[in-house]
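Each chain, written out:
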Amino acid sequence: MQIKVCGLREPENILEVAPLPVDWLGLIFYANSPRAVKPKLAQWLEEQAEALSGKKRVGVFVNAEIEEVLNAVHDFQLDLVQLHGEESPEYCQLIRNLMETTSMRKAKLMKAFQVGDVFDFNRVYPYAAHCAYVLFDTKGKHYGGNGEQFNWELLQQYQGVTPFFLSGGIGPEDAAEVLAFRHPQLFGIDLNSKFETAPGVKGPGLLKPFLETLKNNTL
Ligand SMILES: O=C(O)c1ccccc1NCC(=O)[C@H](O)[C@H](O)COP(=O)(O)O
């Protein structure tokens, strides 16, 4: 199972999280988030290439201008662009075409969906042609980072072919619940605010036992 830790912001904290069995490091490019990265982090990341090797980088955007996304992909050497607002399939298609037809750095796309008490999974399928992954998060007051779970059983209605990350309020006490969850397209989980000791700062002491339990119980 793939593990994404989202909302990393502080250099020292990134160096604490990177040695853990985490596959994806999430950086937030949304100014209204308490987890938003600062532009100067790009230079620091470049200097840490060795320490961070093997870790894929995800950039999280909310209804951003396409130019902003493309610049961040280049500057922060992103592998995946997570679109967490109301971005349309056409928006995704445009970004993908730009990446494929020019010499700019190529990143895959992931569309995030906010799931409430009910959810129409037909909304997801038009993105399949452009997005490598989808992410199911909880509908809440904020675009993301609400720290609340939705009813994961709703995902049994998802019949798409695009693999997904399970997200939204997963916390240190939820390893057993994650392990019990089954879906043919489950690709990974996304961890964020419940593993924080301060906004944008993840606690290695919270992550380690959780990741250990997952590792020891995953086939
Ligand atoms: O985390 C944020 O502050 C955030 C703000 C705006 C858009 C997206 C954001 N986070 C994106 C993520 O992928 C989070 O991990 C996801 O929303 C789950 O967060 P949480 O409920 O805190 O586990």
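Cut-off values and rules
Residues numbered from 1 in each chain as written. Predicted model: local features only at pLDDT ≥ 70, side-chain atom pairs only at ≥ 80, totals over all residues. Heavy atoms only, no water. Helix = DSSP H or I, 4+ residues; strand = E, 2+ residues; numbered from the N terminus. Rg over C-alpha atoms; globule rule 2.2 N^0.38 Å. Areas by Shrake-Rupley, 256 points an atom, 1.4 Å probe, with all protein chains shown as cover. Lys, Arg positive; Asp, Glu negative; His and termini not counted. Charge placed at Lys NZ, Arg CZ, Asp CG, Glu CD. Pairing = 2+ DSSP bridges. Buried < 20%, exposed > 50% of the residue type's maximum accessible area, 1.4 Å probe, protein only. Polar contact = N/O pair within 3.5 Å; in protein donor to acceptor, adjacent residues only side chain to side chain. Contact = heavy atoms within 4.5 Å. Arc of directions from axis to C-beta. Near = heavy atom within 4 Å. Nonpolar A, V, L, I, M, F, W, Y, C, P; charged D, E, K, R; others polar. UniProt positions renumbered as here; feature names shortened; annotations may be inferred. pLDDT = per-residue confidence, 0-100.

Q: Help me out: how do you make sense of the overall build of the protein in this one?
A: Helices and strands together make up the secondary structure of the protein, namely six helices and 10 strands. The C-alpha radius of gyration of the protein comes to 16 Å, within 12% of the 17 Å expected for a compact globule of 219 residues. In terms of its C-alpha atoms, the protein occupies a principal-axis envelope of roughly 45 × 40 × 35 Å. Just so you have it, the protein exposes about 10,500 Å², and 50% of that area is on carbon and sulfur atoms. Both charge centroids of the protein, one from 21 positive and one from 27 negative side chains, sit 2 Å from each other.

Q: Explanation requested: the pairing of strand β8 (residues 186-191) in the structure shown.
A: Residues in a regular strand project their side chains so that they alternate between the two faces of the sheet. The pairing of strand β1 (residues 2-5) with β8 spans four bridges and is classified as parallel. Looking across to β8, one finds that I3 is bridged to I189. Inspection of the sheet shows strand β7 (residues 164-166) paired to β8 by three bridges, in the parallel sense. Looking across to β8, one finds that F164 is bridged to L186.

Q: What is the right way to read the side chain of N13 from this model?
A: Assignment of secondary structure puts N13 in helix α1 (residues 11-17). On the basis of relative accessible area, N13 is assigned to the buried category, the value being 3%. A polar side-chain atom of N13 sits 2.7 Å from the main-chain carbonyl oxygen of K202. In contact with N13, other than residues within four places in its own chain, are L8, G200, V201 and K202.

Q: Would you take a moment to explain helix α3 (residues 66-75) for this structure?
A: Note that an α-helix has 3.6 residues per turn; residues three or four places apart therefore point the same way. Where α3 is concerned, the buried positions are I66, V69, L70, A72 and V73. Along the axis of α3, the buried positions cluster into a sector of 160°, meaning they face one direction only. Exposed residues pointing more than 90 degrees away from the buried face of α3 are listed as E67 and H74. Just downstream of α3, Q77 is the residue with a positive phi angle, here 50°.

Q: I keep staring at the site of the ligand and nothing clicks. Help me out?
A: Neighbouring residues of the ligand: 23 residues in total, closest S33, R35, D137, D190 and S193. Here an oxygen atom of the ligand sits 3.1 Å away from a polar atom, N or O, in the side chain of K4. With respect to the ligand, the side chain of R35 contributes an N or O atom lying 2.7 Å from an oxygen atom. Expressed as a share of its isolated accessible area of 520 Å², the protein-covered part of the ligand is 99%. Of the residues in the shell around the ligand, the class split is six nonpolar, 12 polar and five charged.

Q: Is there a simple way to explain the UniProt feature "domain: N-(5'phosphoribosyl) anthranilate isomerase (PRAI)" (unreviewed entry) in the protein in this structure?
A: UniProt marks residues 4-212 with the feature "domain: N-(5'phosphoribosyl) anthranilate isomerase (PRAI)" (unreviewed entry), using the numbering shown here. A distance of 15 Å separates the end C-alpha atoms of residues 4-212, which is 25% helix and 22% strand.

Q: Could you clarify how one ought to interpret the confidence of the model for the protein in this entry?
A: As a general rule, the predicted coordinates of low-pLDDT regions are not to be interpreted in detail. On average, the protein scores 97 in pLDDT, and the residues at 70 or more come to 100%. Per the prediction output, this complex has pTM 0.97; the corresponding ipTM is 0.99.

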